[in-house]
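Residues per chain are reported as follows:
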Amino acid sequence: MEQILGNISLLFEFPVVNIKIILDGIMIGALFALAAYGLALVWGVMNVKNLAQGDFVIAGGYLAWWLANQGMPALLGVPVAFIIMWGIGWVVYKLVISRVIERDLFTSLLATFGLAIMIAQILNLLFGSDTQSIQLQYDTLYFLGGFVDIPIAKLIGVLLAAVLAAGVIIFMKTSRMGQAIRATAQDARAARVLGINTEKVYAFTFSLNSAICGAAGAIIVMVWVIQPFYGITYSIRAFVIVTAAGLGNLPGVIAAGLGIGTAELYGAHIFGIGYQQAVAVVLLLMVLLYRLIQQRRVRQSLQ
Amino acid sequence: MNKRNLILYIAILTATVIAPFLFPDFRTQLATLWLMIIVALTWDMTGGQMGYNSLGNIFFYGTGMYVAAVIAIGLVYDVGAYTDAAGGQIFIFTEAQYFSGLFLGVIGAGLFCSVTAVVIGYLTFGLRGPYFAIGTLGVAIAAGELVSNWDWVGGGQGIALPVYPGDFDIGKLLFYYLFAGVGVVLFIFLKWLYSTRFGEAINAIRDDEEKAEAMGLHTLRYKLTTWAMAAFFVGMVGAISAFQLIHFEPLETAYQTINLGIFMVVCVLLGGKGTLWGPVVGAILFHVFKEVTWNYLLGWQWVALGALIVVTVVYFQDGIMGWLMHRRPEWFGIRVEEKDTAGA
Amino acid sequence: MNAIIEVRDVSKSYGGVAANTGISLSVDEGGITGLIGPNGSGKTTLFNSIVGYHPIDSGSIKFESKEISKLPVQAIARRGLLRTFQQTRIYGKMNCVQNMLISLPHRKMSFFDAFSRHGQQDYERTDGLLDFVGLYEKRFLRAGSLSFGQQKLLEFAMALMNEPTALLLDEPTAGINPTLINGLIDRLKRANTEFGITLFVIEHNMRVIMNLAEKIYCLAHGQLLAEGTPEQIQNDQRVIDAYLGVH
C-alpha cells in the first residue's frame, strides 16, 4: 500500500514522469488502435468477433523477427508481414470464418478462440516461449534534462503505424472495394441485391484485418517485446477499444487506443509492472460496466 | 422411471463405484474424468439450458481452489506466514486438522463461489451474447492476474496444501470418490431441476429472454440462481482439485482459462448443448480422446486441441445429442398427436 | 365504464425524432379498444411505452389507477398487463405444451414454487387453451417449427394462459391466412367475454377492427388524430385523409 501511495506521490513530485508515461502510452496506444481498427472492421462488416486478433498481431511480429534474423532489413519486415499475414488471413477465412458468419455470435467467438490457441501454440513450438524483440541501431533522444527519453526506433514505429492507418483509411474512402466493404457493413442483403459479391467482400475484409494486425505486430517487435502467449491481451485490448468507441467510429477508436495505452502504463507505474496485464483486463470490465449502466438507463441490455 | 432406465442407472452407478479397483493404475485419470463431467454439466446449466455462454466459469474453479486453501491453512496457521517463503517455519498438519480443513474447505469454497456468482452475475447479466462471453472471460483472466500479484496467497509461485496424511493409494481413492460423489449428486440434482418449473423458466430465457420478460418471469432471479448453483459445484470441485494436486499456482492451474476453461465448453458442444446426457457423453469422449492421443502428438497436442475446438464448433456444433435429435425426433417426444375425442 | 389503462400526455422520441407527442387516451375495463393509424404513426411505440419496454420522456401511464410508467417490463406484466409482439415471439426450442406451461402467471408464484412440478390442472388448462386456438394436435411439436400463423395463435394462447387483466395485441391478424381470420375474431371476442380480459388492439385490417372494437383511437404522425365508435371513425374525414394522404 505504501508502495502504491509512494508511486502516486512520485507523479506529483516529478511531473516530467507523467510526460514520459503519456508519451510512451501514446506510442503503444497507436499500435493497439491499429489492431482494434481491424477488429472493428471485421465486427462491423461480417459480425464476427475475432478472439484471435491478438494472435495475428503476435504472428506478424514473429514473422518480422524471424526474417530480420535471416538478415533482412528490419523495417522491410512491416510490409512483408502485411503481405504474408494477408495470405494467412485469407486461408483462415476460407477454412473457418466463412463457415461461422451466418451462425450465432458465440460460434464465431469460440471458433476464433480455438484459432487463438492454435496460433499461440504453433508459435511456441516454432520459436520457443522466450520473449523476443528486434534491436534497432538508432539513437535515443533526450528531453527535459534527460528525464524523458524517446528512442528513435519508437518514433519510427509510430510513424509507420500512422502511415499504415492513413493508407487503410484512404483505401476505404476512395477505392471501389472500400466502398463495397462499407456498403456491406451497412446492410449486407441490400449490398447483395445491388450486385456486390459479399462473399468476396468478407474474404477481403478478413484478409485486410489479418494484414493490418500482422503489420502492427511487425512494428511492435521493433519497439517492444513479443511472446507467443501475449496474443490474448492484445485481443482483449482490441475489445476494450472497440467496446468503448463503438463500431464505425474511427476517431473514437484512435482516442480509445491512445487512452488505454496511457492508462495501462499509469497502472503499471502505480501498482507495479506485474499488474500491466491485469490493468488491461480490468479496463475491459470497467468499460463493459459503464456501457451497461448507459443501457440500463433506457432499460436495454448490451448485446 | 421405467425398468430399463433403472437397470441402466444401477449399472452406471456400479461401474462408478468399482472403476478405481478395475483400473487401479488410472485412478487419477478417472478422477479427472469426473472433474470434466462436472464442469461440463455445470457449464451447460448456463450455456446450454439458459443460453448464456460463459467463457469464465473457470473463475469459480480457481476461486474454489484458493478459498479451500485459505480455509484449510487458516484454520491452523496464519496464511501470510505460511506462504512467506523466507519465513523458514515448518508447518505440520495433524490428521484431524487435514480432514476438517478438507471438509470445511470444500463446503466453504462452494458457498463462497455461489455468493461471488450472485455478485458478478448481478453486474454481468445485463450483457448478452458475445459481451457476456467476453465479460466473463475478462473476469477469469483478471482474477488470475490479480491473484498472481497477491503475496498473501503466495503470488505467482502459488500455494501448497498439506499432503494426504495416510497411504498414498488410499488418498487417490478418496479423491476419486469425492469427485465421483459430487458428480453423481450433481447429475441427480440436474435431472430433478430440469423437470421442474425452474428448468422451463431457464429454457424460456434461452429461447427468447425479451418474451420471458414480457410474460412477467423474474428473469434476473432465475439467472442468478442458476449461476450460483453452477458456481457452487464448480467451486467444490476446484477445492477438491486443490487438495488432490497439493501444489497449485494461479495462471496455469487455478485460473487456467485456455485449458479447463475452454475444455468444458468443447465437451458440451461435442456431446450436445442443452441436454442432460450431452455434457456427460461429450466429457467422456473428450477426455478419452485427450488421454489416448496426448502422448503420440509429440508436443503438438495443444495445436491439435485448438484444431479440435475449431472443427467441433464449425462442423459439429449440435453435438451427438443434437444429431440424434435430428435423426430420431420421436425419442425426444417430438410428435404430432391426434386428438383423443373419446377421452375428452 | 372505468378506465383500466389511462395514458396522459405521453411523449417519446428517439434521438430527436418524435414518435409520440402528447398522447392521451384511455382503455375501458372489460371492453375491446382499437388503435389504428398509418405505418410509422407511433402505434407500436405507444404499446412499448405502456408495457414499460422503454422509459417515456414525459407524461403518465396508469394501470388500474396506479402509475406504471416507471416500472420495468416484468413488473408490469406481473400486474396483469400483457402484450403480444408484432413479430411473433414464442420459445422456439420448446414444444407447445412447455410454451404454455411456462406462461402460467408468475405473479402468483413464490420463489420456491419454481422448484415444484406442474399439477394436473395446469396440464388440463394447457390442453383446453391449445384446443381453443386449434393447436391441440401439434402440442408436442417444437414451437419453432410451426408456421407463422400457428405461432401467432400459440402466442395468443400463451397470453391467455397468463390470465392477464388486460392484453395488448399488436396486429393479431397480420400474416394469418385470410380464411382463418373470422375464427380468430371470434376467439378474440370470446377471450373478452368468457375470460373477461380487456383487449387493446393494434390492427391494420379495417374490416377486423370495425368488427371487433367498441371504441377506436387513430394516430397519425405520433399524435392522436381522432377517437370514437367504429362508425364515427369510418366517417371521419381526418382519418380518411390520414390513410389516403400519407401514401
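Residues numbered from 1 in each chain as written. Chains lettered and ligands numbered in written order. Predicted model: local features only at pLDDT ≥ 70, side-chain atom pairs only at ≥ 80, totals over all residues.

On to the overall build of chain A, then. For chain A, the count of helices and strands is 12 helices and 2 strands. Going residue by residue from the N terminus, the α and β elements of chain A occur as α-α-α-α-α-β-β-α-α-α-α-α-α-α. Here the C-alpha radius of gyration of chain A, 20 Å, is about what a compact globule of 303 residues would show, namely 19 Å. Considering only C-alpha atoms, chain A reaches an extent of 65 × 55 × 40 Å along its principal axes. Scored against the burial criterion, the 303 residues of chain A give a buried share of 49%. (Helix = DSSP H or I, 4+ residues; strand = E, 2+ residues; numbered from the N terminus. Rg over C-alpha atoms; globule rule 2.2 N^0.38 Å. Buried ≥ 20, exposed ≤ 12 C-beta atoms within 10 Å, placed from the backbone.)

Once that is clear, we can look at the domain arrangement of chain B. Residues and elements named next belong to chain B. Here chain B is partitioned into domain 1 (38–257) and domain 2 (259–332). Domain 1 and domain 2 are separated by 22 Å when their C-alpha centres are compared. Listed by partner, the interface residues are 18 residues for domain 1 and 15 residues for domain 2. Elements with a contribution of two residues or more to the side of domain 1 that touches domain 2: α2 (27–47), α3 (58–74) and α7 (168–193). The residue inventory of the side of domain 1 that touches domain 2, partitioned by class, reads 10 nonpolar, 6 polar and 2 charged. (Domains from an automatic or database assignment. Contact = placed C-beta atoms within 7 Å. Nonpolar A, V, L, I, M, F, W, Y, C, P; charged D, E, K, R; others polar.)

Attention shifts here to helix α6 (residues 178–194) of chain C. In an α-helix there are 3.6 residues to a turn, and that puts residues three or four apart on one side. Its 17 residues give α6(C) an end-to-end C-alpha distance of 24 Å, which sits within 8% of 24 Å, the value for a rise of 1.5 Å per residue. Directly beyond the C-terminal end of α6(C), a positive phi value near 65° is found at C:G196. (Expected span 1.5 Å × (residues − 1).)

What follows is about the environment of A:I117. Mapped onto the elements of the fold, A:I117 is located in helix α5 (residues 105–127). Among residues more than four places away in sequence, those in contact with A:I117 are B:I258, B:W302, B:L305, B:G306 and B:I309.

To continue, consider the interface of chain C and chain B. Taken together, the contact between chain C and chain B spans 32 residues of the former and 27 residues of the latter. Elements supplying a minimum of two residues to the side of chain C that touches chain B: α2 (73–78) and α3 (96–101) of chain C. With 4 residues, the top contributor of residues to the side of chain C that touches chain B is α2(C). Class assignment of the residues belonging to the side of chain C that touches chain B gives a composition of 13 nonpolar, 8 polar and 11 charged.

Turning our eyes to something else, we now look at the interface of chain B and chain A. Contacts between the two partners involve 33 residues from chain B, matched on the other side by 36 residues from chain A. Per-element accounting of the side of chain B that touches chain A gives the leading share, 12 residues, to helix α6 (residues 129–147) of chain B. Residues belonging to the side of chain B that touches chain A are distributed by class as follows: 22 nonpolar, 9 polar and 2 charged.

The next thing to look at is the nonpolar core. Counting 288 residues, the largest nonpolar core has A:I241 and C:A157 as its most contacted members. Top contributing element to this core by residue count: helix α2 (residues 15–46) of chain A, with 18 residues. Both of domain 1 (38–257) and domain 2 (259–332) of chain B provide at least three residues apiece to this core. When sequence neighbours within four positions are dropped, the list of residues in contact with A:I241 reads A:F32, A:A33, A:A36, A:V253, A:A256, A:G257 and A:I260. (Core = buried A, V, L, I, M, F, W, Y, C linked by C-beta atoms within 7 Å.)

The next subject is the pairing of strand β2 (residues 17–28) of chain C. All names here are of chain C. Summarising the sheet, strand β1 (residues 3–14) and β2 pair through 8 bridges and their orientation is antiparallel. Following the sheet pairing, V7 is matched in β2 by L25. The hairpin formed by β1 and β2 contains 2 residues between the paired strands, and G15 there has a positive phi angle of roughly 45°. (Pairing = 2+ DSSP bridges.)

The next thing to look at is the confidence of the model for chain A. Across chain A, the average pLDDT comes to 87, with 98% of residues at or above 70. When pLDDT is averaged over each helix and strand of chain A, the minimum, 75, is found for strand β1 (residues 140–143) of chain A and the maximum, 94, for helix α3 (residues 53–69) of chain A. (pLDDT = per-residue confidence, 0-100.)

Residue and element names in this part refer to chain C. Read from one edge of the open sheet, 6 strands run β6-β7-β8-β3-β9-β10, paired in mixed fashion. Whereas interior strands pair on both sides, the edge strands pair on one side only; in this sheet they are β6 (81–83) and β10 (223–228). Between one strand axis and the next, the sheet turns by 20° as a mean value, whatever way the strands run. In terms of strand pairing, strand β3 (residues 32–36) meets strand β8 (residues 198–202) through 4 bridges, oriented parallel. (Axes fitted to C-alpha atoms, helices over the stretch in contact; angles between N-to-C directions.)

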